Amino acid sequence: MAALGTGRSARAGQYVALLCYVVFLAFPFLWLISTAFKPARELASLHPTWIPENATLDNFRQAFDEQPLLQAAGNSLVAALAAALIAVVIATPMAYVMARNRNRLTAASTGWVVVSQAFPFVLVIIPLFLILKNLHLINTLFGLVMVYVVWSLPFALWMLVGYVRAVPLELEEAAAVDGAGRLRTLISVTAPLLAPGIVATALFAFITAWNEFFFALVLLKTPEKQTLPVVLTHFLGAEGVADLGPLAAAAFLATLPSLVVFAVIQKRITGGMLAGAVKS
Amino acid sequence: MTLATATARTGKRTDHGAWFLVLPALIPILVLSVGPLLYGIALAFTDSQAGRTEPTEWIGTLNFRDLLHDTLFWESFRIGLLWAVGVTVPQFLLALGLALLLNQQLRMRWLARALAIIPWAMPEVVVGIMWRLVYNPDAGILNETVRDLGLGDGRDWLTGLATALPAVIAVGVWAGMPQTTVALLAGLQNTPHELHEAAALDGAGAWRRFRTVTWPAIRPIALAVTALNLIWNFNSFALVYVLTGGGPGGRTRLPMLFAYEEAFRYGQFGYAAAMGCVMVAVISVMLAVFLAGRLKGGDQ
């Protein structure tokens, strides 16, 4: 069983190591929370403490006063929802073909999925910027959603192909023998079995778009159009002098939706990733 | 396989069916991904600029010749490689350690697993902001810890010429650990326990069991993850943009930050596209090295 050692001292060492990891993983996040709830006076103190003495919600109030956070969250929500929905709607059929069919097209698609992970985005964003500018889609959520859809497709395909392969072929063949056509088989047999995988993929695409920064930074110019991550950087100020409390409060709020969604789908994502990785 | 048999059964109809299923995704991919990529490569050979009134012209390899003499660009390239390797290697070692621990029957492992989600789910911008709070010279916990331990007054980590790059690398390691850990853990869980037990019965020590049983089992995943991490890290942007903006004095200016500034602050689209092309070339070399290593591994 044990790969690291078996003795009692080895086990104690393992616990110490695990404790170190837990501290390493947790401390920045705990510090963010602590900072978010500290009153200005404690933030200015030269000897900061872990636990705020007079915890306050002032920073949250101030954060909403300083920047259009609600509007930004709304923009992020619209962009991420639209991108996730469109991505799975168009990726699922393609993933099905890629999983069940081996020909030059599917080989090329698989190759593209791998290679696209390696693009430096700057090489794609300059032409996209010029194209969207000509179409008058700069500074619109619509333009951003188009970019997000394509940008989330490789990973969506990767996950979905894994889920399709996990559906036993025999089920589809049985339906075919019973006289169901391809489309009928797909809708009544395969789709219901794929549903949990499709939901997981959509949620993952949602988080990726919700968290995305680079494309949003380049494509969205005015504050009322910008998404949450871009608006968060406005708290940093021009010279990097930041109002720490509101900054921490806003950053903490921006993380909550992804944390919740991620906690729900975490097992499925890793499962989907691995299904894609192991079986291809 | 089924489609092949189905095609044989139903004739041409299925082929059209397959195209019908593929096109909704294929068209956006071609128009918004492959197309812009080719367009981007073409731009690298033009003098395209933001707000130019006269038409854009082909200038051949002039951008690339200018790049050759652009010491700032090569400095950012060197920093990019330092950053990519500096993040990927410690991240891999730490993630391997955590994966081995999480594979044991330890009591706290659910907590470590739950915590490992946090860096993964967080927006990179928030990770950057969070660590700026940790590194803050006066109100940050890092300097307070340094002071408590009597190691001096602490320092301004992100703006110090010597500390800036190591400081952002530490954040990169933290932010990318979960994915690597999960991938390695999956590899470990596919390793049959019987092999470990047999090796233990034969009297093999922990290190020996790791080398002869564990490592061979996870080697393919480890290589794939390392290659991807190198590439992703080389291309990263948001984290360092938020942490330092590329400063101080360009000490953390990764190639992506350099190209971003060139394109969207100074409007030099053609020149920035040329930078992108050079980055693609380097990444291709990395991929080739990785594939060669993998093929060699397959022979053993």
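Given the structure is predicted, the values throughout are model-derived calculations rather than measurements.

Quick notes on the overall build of chain B
Part 1: Check the secondary structure of chain B and you find 13 helices and zero strands.
Part 2: Ordered by position in the sequence, the α and β elements of chain B form the string α-α-α-α-α-α-α-α-α-α-α-α-α.
Part 3: Relative to its length of 300 residues, chain B is extended, with a C-alpha radius of gyration of 24 Å against a globular reference of 19 Å.
Part 4: Projecting the C-alpha coordinates of chain B onto the three principal axes gives extents of approximately 80 × 75 × 35 Å.
Part 5: Out of the 300 residues in chain B, the part that is buried amounts to 52%.
Part 6: Taking as baseline every contact in chain B between residues at least 6 positions apart, the subset at least 24 positions apart corresponds to 64%.
Part 7: Only carbon and sulfur atoms are counted for the fraction: they give 64% of the accessible area of chain B, which is about 13,900 Å².
Part 8: Across chain B, the 21 positively charged side chains and the 19 negatively charged ones have centroids separated by 11 Å.

Details of the overall build of chain A
Part 1: Along its length, chain A carries twelve helices and zero strands.
Part 2: In chain A, the succession of α and β elements from N to C terminus is α-α-α-α-α-α-α-α-α-α-α-α.
Part 3: Taking 19 Å as the expected radius of gyration for a compact globule of 280 residues, we find that chain A reaches 23 Å, considerably beyond that expectation.
Part 4: The C-alpha extent of chain A, read off along each of the three principal axes, is 75 × 70 × 35 Å.
Part 5: Expressed as a percentage of its 280 residues, the buried residues of chain A come to 53%.
Part 6: For chain A, the proportion of contacts with a sequence separation of at least 24, taken over those separated by at least 6, is 71%.
Part 7: Of the roughly 12,200 Å² that chain A leaves accessible, carbon and sulfur atoms contribute 69%.

Observations regarding the side chain of Gln226(A)
Residue and element names in this part refer to chain A.
Part 1: Relative to the helices and strands, Gln 226 resides in the loop between α10 (214–219) and α11 (228–234).
Part 2: Within the structure, the side chain of Gln 226 is placed 3.3 Å from the backbone oxygen of Leu 220, a separation counted as a polar contact.
Part 3: Within the structure, Gln 226 has its side chain in polar contact with the side chain of His 234 (distance 2.8 Å).

Describing the interface of chain B and chain A
By a widely used convention, the size of an interface equals the accessible area lost when the partners come together.
Part 1: With 97 residues of chain B at the interface, the matching set in chain A holds 86 residues.
Part 2: Between chain B and chain A, the buried area comes to about 8,800 Å², and carbon and sulfur atoms account for 79% of it.
Part 3: Together, Leu21(B), Leu32(B) and Leu133(B) form the three largest contributors to the area buried by chain B at its contact with chain A, with a combined 8%.
Part 4: Where chain B meets chain A, there are zero salt bridges.
Part 5: The interface formed by chain B and chain A holds ten residue pairs in polar contact (both at pLDDT 80 or more) in total.

Looking at the pattern of salt bridges
Part 1: Under the criterion given, the structure shown has seven salt bridges over all chains.
Part 2: Residue Arg100(A) is joined to Glu172(A) by a salt bridge in which the shortest nitrogen-to-oxygen separation is 3.1 Å. Here Arg100(A), found in helix α4 (residues 69–100), pairs with Glu172(A), found in helix α8 (residues 169–177); they are 72 residues apart in sequence, far enough to count as distant.
Part 3: Judged by its relative accessible area of 6%, Arg100(A) falls in the buried class.
Part 4: Note that Arg265(B) is salt-bridged to Glu261(B), the shortest N-O span being 3.9 Å.

What to know about helix α4 (residues 71–102) of chain B
For the α-helix, the turn length of 3.6 residues means that residues three or four positions removed from each other point alike.
Part 1: Spanning 32 residues, α4(B) covers 46 Å between terminal C-alpha atoms, matching the ideal 46 Å at 1.5 Å per step.
Part 2: One side-chain oxygen of the residue at the start of α4(B) lies 3.2 Å from the amide nitrogen of Leu72(B), identifying that residue as Asp70(B).

A word on the packing of aromatic side chains
Part 1: Per the counting criterion, the structure on display carries 37 aromatic pairs over all chains.
Part 2: Here the aromatic rings of Phe92(B) and Trp215(B) are separated by 6.3 Å at their centres, their planes lie at 80°, and the arrangement is edge-to-face. In this pair, Phe92(B) sits in helix α4 while Trp215(B) sits in helix α10 (residues 206–234), placing the two residues 123 residues apart along the sequence.
Part 3: On the numbers, 6.4 Å between centres and 35° between planes, the contact of Phe210(B) with Trp215(B) is tilted.
Part 4: Ring pairs connect the aromatic residues Phe121(A), Phe129(A), Tyr148(A), Trp151(A), Phe213(A), Phe214(A), Phe215(A), Phe237(B), Tyr241(B), Tyr260(B), Phe264(B) and Phe269(B), which therefore count as one cluster.
Part 5: A cation sits over an aromatic face here: Arg155(B) above Trp157(B), 5.8 Å from the ring centre.

So, the nonpolar core
Part 1: Core analysis: the biggest nonpolar cluster contains 182 residues, and Leu32(A), Ile126(A), Leu144(A), Leu157(A), Leu219(A), Met122(B) and Trp131(B) have the highest contact counts within it.
Part 2: At 15 residues, the largest contribution of residues to this core is made by helix α7 (residues 141–166) of chain A.
Part 3: Residues contacting Ile126(A), with those up to four places away along its chain left out, are Leu43(B), Ala263(B), Phe264(B), Phe269(B), Ala272(B) and Ala273(B).

A word on the confidence of the model for chain B
Part 1: On average, chain B scores 86 in pLDDT, and the residues at 70 or more come to 92%.
Part 2: On the interface metric, ipTM, the complex scores 0.88, and its pTM is 0.88.

As for a nonpolar patch on the surface
Residues and elements named next belong to chain B.
Part 1: On the surface, Trp 19, Leu 23, Ile 27, Leu 30 and Val 31 cluster together into a nonpolar patch covering about 470 Å² of accessible area.
Part 2: As for its position among the elements, Trp 19 is in helix α2 (residues 13–43).
Part 3: Trp 19 sits in the partly exposed class, given a relative accessible area of 44%.

Quick word on the packing of helix α1 (residues 8–36) of chain A against helix α6 (residues 124–135) of chain B
Part 1: Packing of α1(A) against α6(B) brings their axes to within 9 Å, and their N-to-C directions diverge by 80°. Accordingly, the angle class assigned to the pair α1(A) and α6(B) is roughly perpendicular. Residues Phe27(A), Pro28(A), Phe29(A), Trp31(A), Leu32(A) and Thr35(A) of α1(A) form the contact with α6(B), whose participating residues are Val126(B), Met130(B), Trp131(B), Leu133(B) and Val134(B).
Part 2: Its residues placed into classes, the contact of α1(A) with α6(B) shows ten nonpolar, one polar and no charged.

A short note on the environment of Pro257(A)
Residues and elements named next belong to chain A.
Part 1: Structurally, Pro 257 can be placed in helix α12 (residues 244–279).
Part 2: Here Pro 257 falls in the partly exposed class, since its relative accessible area comes to 29%.
Part 3: Separated by 151 residues in sequence, Pro 257 and Thr 106 place their C-alpha atoms 35 Å apart.

As for unusual backbone geometry
Part 1: Gly247(B) connects to Pro248(B) through a cis peptide bond whose omega is -10°.
Part 2: Take Pro248(B): it is sitting in the loop between α11 (238–243) and α12 (255–264).
Part 3: The phi torsion at His136(A) lies on the positive side, around 55°, for a residue other than glycine.
Part 4: Here His136(A) lies in the loop between α6 (121–134) and α7.
Part 5: Positive phi values are uncommon outside glycine, yet Asn139(A) reaches one of about 65°.
Part 6: When you line up the elements, Asn139(A) lands in the loop between α6 and α7.

Thoughts on the environment of Ala202(A)
All names here are of chain A.
Part 1: Among the secondary structure elements, Ala 202 is positioned in helix α9 (residues 182–211).
Part 2: Placed 46 residues apart in sequence, Ala 202 and Ala 156 show a C-alpha to C-alpha distance of 7.9 Å.
Part 3: In contact with Ala 202, not counting residues within four places along its chain, are Ala 84 and Val 88.

Parameters at a glance
- Residues numbered from 1 in each chain as written.
- Chains lettered and ligands numbered in written order.
- Predicted model: local features only at pLDDT ≥ 70, side-chain atom pairs only at ≥ 80, totals over all residues.
- Heavy atoms only, no water.
- Helix = DSSP H or I, 4+ residues; strand = E, 2+ residues; numbered from the N terminus.
- Rg over C-alpha atoms; globule rule 2.2 N^0.38 Å.
- Buried < 20%, exposed > 50% of the residue type's maximum accessible area, 1.4 Å probe, protein only.
- Contact = heavy atoms within 4.5 Å.
- Areas by Shrake-Rupley, 256 points an atom, 1.4 Å probe, with all protein chains shown as cover.
- Lys, Arg positive; Asp, Glu negative; His and termini not counted.
- Charge placed at Lys NZ, Arg CZ, Asp CG, Glu CD.
- Polar contact = N/O pair within 3.5 Å; in protein donor to acceptor, adjacent residues only side chain to side chain.
- Buried area = accessible area lost by both parts, 1.4 Å probe.
- Salt bridge = Lys/Arg side-chain N within 4 Å of Asp/Glu carboxyl O.
- Expected span 1.5 Å × (residues − 1).
- Phe/Tyr/Trp six-rings, centres within 6.5 Å; stacked < 30°, edge-to-face > 60°.
- Lys NZ or Arg CZ within 6 Å of the ring centre and 35° of its normal.
- Core = buried A, V, L, I, M, F, W, Y, C linked by side-chain atoms within 4.5 Å.
- pLDDT = per-residue confidence, 0-100.
- Patch = residues over 30% accessible without salt bridge, like charges linked within 9 Å, V, L, I, M, F, W, Y side chains within 5 Å.
- Axes fitted to C-alpha atoms, helices over the stretch in contact; angles between N-to-C directions.
- Parallel < 35°, antiparallel > 145°, perpendicular 65-115°, else oblique.
- Nonpolar A, V, L, I, M, F, W, Y, C, P; charged D, E, K, R; others polar.

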